[in-house]
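The primary structure of each chain is shown beneath.
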Amino acid sequence: MSEVIGFGGFARISKTEENPEIVKKELLLDYIDNNQARARLKREIESLLLFESNRIVKILDFDNEYFSWYTMPYYKSNLEVFYNKVDVNEKTIIKIAINILEAMLIIESKNMVHRDLKPNNILLNSVDDLVVCDFGLTKMKRDTVLTRTLQGMGTDYFSAPEQFENAKTVDIRADIYSFGRILIWLFTKETTYNINHELIPLKYRSLITKCVEQFPDNRYNSVNDVYDAFIQRISIGKKLTR
């Protein structure tokens, strides 16, 4: 019997019997005939097939008839588990943040919005071997019925406010909001809207504040802008302008 290592949405994730370094994500039996569940997993498969990046989880094989399962490499933990086991310092946070931004740059380049960026959807074997996963809620360039039926999608703390008003109209600035929330969590170990700024190094505070602005127009306009601003803050001797 295969070892179940987790559950996500309508699916379970388990190690394959043939190779413990490969895991299978498959619809739970209760959802095999659920059109929304199948559409969500199909969307995830279609999204992953568009990427060739070491920052996005790779799809190894999939059910190309019913879209009821796919396989991917095994990762030791997600970011939440890793964070609770390892002594995370600023240097580690910088590496994690840059790797997440690299994944976001790839997502943005495909005119997609992940819409569910959070620690549980970031897998890693080490700080340098990190990927973004779970593209079941992704907004693709072409709109679909799935987008319209999943109004108010995402995870409360890490998702942008506009996702709970009309998820189909969000753009990459929703993912930028999520990135800001992840940074707050990494620095403070808290998931509260009342940010304890004392726990966040001064040079990152304005960047984080801009990422998590309530209104999208007040955030960074692109992931590249966030990336440049972040790199600027970790570069010694450069004047802050963002």
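Read on for an overview of the structure. (Residues numbered from 1 in each chain as written. Predicted model: local features only at pLDDT ≥ 70, side-chain atom pairs only at ≥ 80, totals over all residues. Heavy atoms only, no water.)

### A short note on the overall build of the protein
Counting its secondary structure elements, the protein contains seven helices and eight strands. In summary, the protein has a C-alpha radius of gyration of 18 Å against a globular reference of 18 Å for 242 residues, a match within 12%. Viewed in the frame of its principal axes, the protein has a C-alpha envelope of about 55 × 35 × 30 Å. When contacts within the protein are restricted to residue pairs at least 6 apart in sequence, long-range pairs at least 24 apart make up 59% of them. Of the roughly 12,100 Å² that the protein leaves accessible, carbon and sulfur atoms contribute 47%. Between the averaged position of the 33 positive side-chain charges in the protein and that of its 34 negative side-chain charges there is a distance of 5 Å. (Helix = DSSP H or I, 4+ residues; strand = E, 2+ residues; numbered from the N terminus. Rg over C-alpha atoms; globule rule 2.2 N^0.38 Å. Contact = heavy atoms within 4.5 Å. Areas by Shrake-Rupley, 256 points an atom, 1.4 Å probe, with all protein chains shown as cover. Lys, Arg positive; Asp, Glu negative; His and termini not counted. Charge placed at Lys NZ, Arg CZ, Asp CG, Glu CD.)

### Looking at the nonpolar core
Judged by nonpolar contacts, the single largest core of 69 residues is most densely connected at Leu 79, Ile 100, Phe 179, Leu 183, Leu 186 and Phe 230. At eleven residues, the largest contribution of residues to this core is made by helix H5 (residues 172-188). Dropping the residues within four chain positions of it, Leu 186 is found in contact with Leu 79, Tyr 83, Ile 93 and Ile 96. (Core = buried A, V, L, I, M, F, W, Y, C linked by side-chain atoms within 4.5 Å. Buried < 20%, exposed > 50% of the residue type's maximum accessible area, 1.4 Å probe, protein only.)

### A short note on unusual backbone geometry
Residue Asn 111 is not a glycine yet carries a positive backbone phi of 55°. With respect to the helices and strands, Asn 111 occurs in the loop between helix H3 (90-109) and strand S7 (122-126).

### Overview of the side chain of Asp 175
Locating Asp 175 in the fold gives a position in helix H5. No salt bridge is formed by the buried Asp 175; the nearest opposite charge belongs to Arg 115, separated by 7.4 Å. At 3.0 Å, the side chain of Asp 175 and the backbone nitrogen of Arg 115 are in polar contact. (Salt bridge = Lys/Arg side-chain N within 4 Å of Asp/Glu carboxyl O. Polar contact = N/O pair within 3.5 Å; in protein donor to acceptor, adjacent residues only side chain to side chain.)

### Some words on the side chain of Glu 162
Relative to the helices and strands, Glu 162 resides in the loop between helix H4 (145-149) and H5. At a separation of 2.7 Å, a polar atom in the side chain of Glu 162 contacts the side chain of Arg 219. The residues contacting Glu 162, other than those within four sequence positions of it, are Ala 167, Val 170, Arg 173, Ala 174, Gln 214, Pro 216 and Arg 219.

### Quick notes on the packing of H5 against helix H7 (residues 223-234)
In helix packing, the relevant descriptors are the interaxial angle and the interaxial distance, both defined with respect to the helix axes. Relative to each other, H5 and H7 sit at 30°, their axes nearing to 10 Å. When the axes of H5 and H7 are compared, the pair comes out roughly parallel. Seen from H5, the contacting residues are Ile 172, Ile 176, Phe 179 and Leu 183; seen from H7, they are Val 223, Val 226 and Phe 230. (Axes fitted to C-alpha atoms, helices over the stretch in contact; angles between N-to-C directions. Parallel < 35°, antiparallel > 145°, perpendicular 65-115°, else oblique.)

### Observations regarding the environment of Leu 60
Locating Leu 60 in the fold gives a position in the loop between helix H1 (35-48) and strand S4 (61-62). Classification of Leu 60 by relative accessible area gives partly exposed; the value is 46%. Along the backbone, Leu 60 and Leu 49 are eleven residues apart, and their C-alpha atoms lie at a distance of 9.4 Å. Beyond its immediate chain neighbours, meaning those up to four positions away, Leu 60 contacts Ile 22, Thr 71, Met 72 and Pro 73.

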